[in-house]
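# Coordinates in review
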Amino acid sequence: MSVLVDDDTRVVVQGITGGEGKFHTEQMMEYGTNVVAGAVPGKGGEEVAGVPVYDTVDQAVEAEDADASVVFVPPAFAADACFEALDTDLDLVVAITEGIPTQDMSKVYKRLGETDTHLIGPNCPGIITPGEAKLGILPGNIFSSGNVGLVSRSGTLTYQVVDNLTDRGLGQSTAIGIGGDPIIGTDFIDALELFEEDPDTHAVVMCGEIGGEDEEEAARYIGEYMDTPVVGFIAGRTAPPGKRMGHAGAIVSGSGTGTAESKISALEDNGAPVGDTPEEVVDHIEDLL
Amino acid sequence: MRLHEYQAKEVFSEAGIPTPDSKLAETVDEAVAAAEDVGYPCAIKAQVHVGGRGKAGGIKLVESEDEAREAAEDIIGMDLKGYHVDKVLVEAAVDFVNELYVGVTMDRGEGKPVAMVSTRGGVNIEEVAEEDPDAIAREHIDPSFGMQPYQARKAVYDAGVDQSIAGDVASILTTLYELWDDKDGSDAEINPLMVTGDDEVIAADAVMNVDSDALFRHPDLAEMEDEAADDDLEAKANEYGFDYVRLDGNVGIIGNGAGLVMTTLDLVDYYGGKPANFLDIGGGAKAERVANALDMVFSDENVDAVVFNIFGGITRGDEVANGINDALEQFDEIPKPVVVRLAGTKAEEGMEILNTDLVQVEATLEDAVQATVSLTEEVDQ
């Protein structure tokens, strides 16, 4: 068992003919992901990495029975690609693209609410079920199969924590990078809900960062609804107010909302211990398993 | 991307929002001439991207030519919270009886825009939001349909705006939303929106921040960009295209990915050091970016030692290692000691490549941070 993706997931790659799209399609396939099609307007009939390309997502789904898509489309066209994927009734859409205008995402988010599709991202590393499938750009070799679920707003921080887990013999059920943009599809609570329902996820690591209030809301969800233990990590404790730390969402506003302290205490108050360092996160997980 | 007040007022005024008579000036003589033109009393306002300009001495009300000259001499060329003032807006003073607030922003929690109105304008609205959240009427907008006329009215009436001006304020809020929507705004704000004794409503200040990711479809706004950086290092970072924030410590930090770089800062602090900066070189960085990043932190005179932490996904350890070697081999003497930790894609190859005469190599993030912090402690002694 795992969350959202496994051996059976049939993937269409939107933007497969671009540099990034092609490279990561090869990487995904090398990892064992079942990539069945590409979709790029005007490129129907071509082939990339041995995979047939269609002009529309609809054609790709029709011909190859795809049930998930990965979006590598440039930012100016990425929202359109998300709409296309959502209107095709896929189970899962993973948007890797960084730099999609926020107002475009607001409209995509509205549409998303009218469908049953899970959207991960945008501006995210993707999702991986170790040993089965990865949809995105995560480096497969650091993951190992096991029972720890992981959800994170940051890509490389995910890799860091996974590396520490794997080093200590703690494999992962599924890892989800939800992305650092102000408006994202799957949020912490959605991911936690999926992990809670997954019998093979025995503990969850949640890596948050400064900015917004998603971590605080997730903490309340953990306290109220979760039996599966959760360990938190919050990046940005030393970030000064008013300065954006890379991610569009990572900013502590002048009025003091979105601080690391508020997130850490919300998690701890709801029974989720928080590690001061990635190693400490793994210590907590070891204690809880 | 932030517009200056004068730029935002141009945009608002073109769209039909009333603004006071004003003129832009870059020299003292121009400012005095402008003051004579718009008439007294008028305000001389520094055009810099700083909040609280008034309190910091960047806005002065003048009543005569002499006062205008004196104020212009004080303000033009001054250093306002680290920003150099090279433009002032000379603007007719408004004789007001009331100050309102209207604004539009993206509510990220809801994923949709929100329009806001308050009768407590003229003060920091974030403070109002904290002390008395009910003093701000909020109306969420469905992004697929835009703001409906009733929503503008509702926000205005909910805020308790006087009946006599409610229609005008609702119309200004509607225009503000349309501008925000058309121009890919992140925030659009009028604070204060002044109300005069004869019920005229005038935008005395104007804020328009635009989503940088959307500038590709707004060439006119992109041209207005004048993002004078806080200091020379931040200007250099803009030039190199890095996400960089300068802090006041002595441990230089370079890494890839915002979350991991923030974590590295936090670990420096955790092990008793003080971070000098946040520098994210981004994904897939190659030799040139590596060299530029090192140049950035070496140029910061506060930095005593540097930790270079890369966890490669799309970034390759071997390319980073070659970049570090190349950059450091340029120096007869390494300006500051550098500790490197590579993990992920091609990390082992990278560790092999690194010239250990030039850098100290550590296997884990924790070890690398601790080693760097102790190097800065040695320098301190």
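Residues numbered from 1 in each chain as written. Chains lettered and ligands numbered in written order. Predicted model: local features only at pLDDT ≥ 70, side-chain atom pairs only at ≥ 80, totals over all residues. Heavy atoms only, no water.

We now examine unusual backbone geometry. Geometrically, the link from A:Gly121 to A:Pro122 is a cis peptide bond, its omega value of 10° lying close to zero. Inspection of the secondary structure assignment puts A:Pro122 in the loop between strand E7 (118-120) and strand E8 (126-129). Omega for the bond connecting B:Asn191 with B:Pro192 falls within 30 degrees of zero, at 5°, which places this linkage in the cis form. Examined against the element boundaries, B:Pro192 turns out to sit in strand E10 (residues 185-196). The backbone phi angle of A:Asp65 is positive, close to 60°, even though this residue is not glycine. Inspection of the secondary structure assignment puts A:Asp65 in the loop between helix H2 (57-64) and strand E5 (68-71). Positive phi outside glycine occurs at B:Lys346, with the angle close to 55°. The residue B:Lys346 is located in the loop between strand E17 (338-344) and helix H12 (347-353) in this model. (Helix = DSSP H or I, 4+ residues; strand = E, 2+ residues; numbered from the N terminus.)

Our focus in this paragraph is the pairing of strand E6 (residues 88-92) of chain B. Residue and element names in this part refer to chain B. Most of E6 is tucked away, with five of its five residues classed as buried. Pairing of strand E1 (residues 22-25) with E6, which is carried by four bridges, proceeds in the antiparallel orientation. Within the sheet, the bridge partner assigned to Ser 22 lies in E6 and is Glu 91. Alignment of strand E2 (residues 42-46) against E6, held across five bridges, turns out to be antiparallel. Residue pairing across strands places Ala 46 opposite Val 88, the latter belonging to E6. (Buried < 20%, exposed > 50% of the residue type's maximum accessible area, 1.4 Å probe, protein only. Pairing = 2+ DSSP bridges.)

Residues and elements named next belong to chain B. On the surface, a cluster of negative charge is contributed by Glu 36, Glu 63, Glu 65, Asp 66, Glu 67, Glu 70 and Glu 73. For the negative patch, the element with the most residues is helix H3 (residues 65-75), which contributes five residues. Residue placement: Glu 63 occurs in the loop between strand E3 (59-62) and H3. Using a relative accessible area of 51% as the deciding quantity, one classes Glu 63 as exposed. (Patch = residues over 30% accessible without salt bridge, like charges linked within 9 Å, V, L, I, M, F, W, Y side chains within 5 Å. Areas by Shrake-Rupley, 256 points an atom, 1.4 Å probe, with all protein chains shown as cover. Salt bridge = Lys/Arg side-chain N within 4 Å of Asp/Glu carboxyl O. Lys, Arg positive; Asp, Glu negative; His and termini not counted. Charge placed at Lys NZ, Arg CZ, Asp CG, Glu CD.)

A word on the interface of chain B and chain A. Often the size quoted for an interface is simply the accessible area lost on bringing the parts together. On the side of chain A, 50 residues touch chain B, which itself brings 48 residues to the contact. When chain B packs against chain A, the two sides together hide about 3900 Å² of surface, and 57% of this comes from carbon and sulfur. The three residues of chain B that bury the most area against chain A are B:Arg108, B:Met262 and B:Phe311, which together make up 18% of that side's buried surface. Here chain B is connected to chain A by two salt bridges. A salt bridge links B:Arg217 to A:Asp104; the shortest N-O distance between them is 2.7 Å. Our count for the contact surface shared by chain B and chain A stands at 14 residue pairs in polar contact (both at pLDDT 80 or more). Among the secondary structure elements, those contributing two or more residues to the side of chain B that touches chain A are strand E8 (112-118), helix H4 (125-131), helix H6 (163-182), strand E13 (243-246), helix H9 (258-270), strand E16 (305-312) and helix H13 (365-380) of chain B. It is H9(B) that provides the largest number of residues to the side of chain B that touches chain A, a total of 10 residues. Classifying every residue of the side of chain B that touches chain A by side-chain character gives 20 nonpolar, 10 polar and 18 charged. (Contact = heavy atoms within 4.5 Å. Buried area = accessible area lost by both parts, 1.4 Å probe. Polar contact = N/O pair within 3.5 Å; in protein donor to acceptor, adjacent residues only side chain to side chain. Nonpolar A, V, L, I, M, F, W, Y, C, P; charged D, E, K, R; others polar.)

Right, let's get into the sheet that holds E5(A). Residue and element names in this part refer to chain A. Pairing is mixed in the open sheet, where seven strands are placed in the order E3-E4-E2-E1-E5-E6-E7. The open sheet has two edge strands with one neighbour each: strand E3 (47-48) and E7. Relative to strand E6 (residues 92-95), E5 is paired through four bridges, and the arrangement is parallel. Counted as the bridge partner of Ser 69 is Val 93 from E6.

Residues and elements named next belong to chain B. Residue position: Asp 280 is located in strand E15 (residues 277-280). Within the buried core, Asp 280 has no salt-bridge partner, and the shortest N-O distance to an opposite charge, that of Arg 289, equals 6.9 Å. Polar contacts involving the side chain of Asp 280 include one to the main-chain amide nitrogen of Gly 257, which spans 2.8 Å. Excluding its chain neighbours within four sequence positions, the residues that come into contact with Asp 280 are Phe 242, Asp 243, Gly 255, Asn 256, Gly 257, Ala 258 and Val 261.

Counting 96 residues, the largest nonpolar core has A:Leu135 and A:Leu192 as the members making the most contacts within it. A per-element tally of this core places H9(B) first, with seven residues. A domain-level breakdown of this core finds at least three residues from each of domain 1 (1-123) and domain 2 (139-289) of chain A. Sequence-distant contacts of A:Leu135, defined by excluding residues within four places in its chain, comprise A:Val5, A:Thr9, A:Val11, A:Met28, A:Thr33, A:Ala68, A:Val70, A:Leu92, A:Val94, A:Pro125, A:Gly126 and A:Ile127. Core analysis: the second largest hydrophobic core is formed by 67 residues, A:Leu90, B:Tyr177, B:Trp180 and B:Ala203 among them. (Core = buried A, V, L, I, M, F, W, Y, C linked by side-chain atoms within 4.5 Å. Domains from an automatic or database assignment.)

Once that is clear, we can look at the packing of aromatic side chains. Residue and element names in this part refer to chain B. The full count for this structure, using the stated rule, is six aromatic pairs over all chains. Look at Phe 298 and Phe 331: their rings are 5.6 Å apart centre to centre, the planes differ by 85°, and that puts the pair in the edge-to-face class. Of this pair, Phe 298 sits in helix H10 (residues 287-299) while Phe 331 is found in the loop between helix H11 (317-329) and E17, placing the two residues 33 residues apart along the sequence. On the accessibility criterion, Phe 298 (11% relative accessible area) is buried. (Phe/Tyr/Trp six-rings, centres within 6.5 Å; stacked < 30°, edge-to-face > 60°.)

Residues and elements named next belong to chain B. For helix H8 (residues 232-240), the complete set of buried residues consists of Leu 233, Glu 234 and Ala 237. Seen along its axis, H8 keeps its buried residues to an arc of 100°; they face one direction. With respect to the buried face of H8, the exposed residues turned more than 90 degrees away are Asp 232 and Glu 239. The secondary structure elements touched by the buried residues of H8 are E13 and H10. Downstream of H8 by a residue or two, Gly 241 has a phi angle that is positive, lying close to 75°. (Arc of directions from axis to C-beta.)

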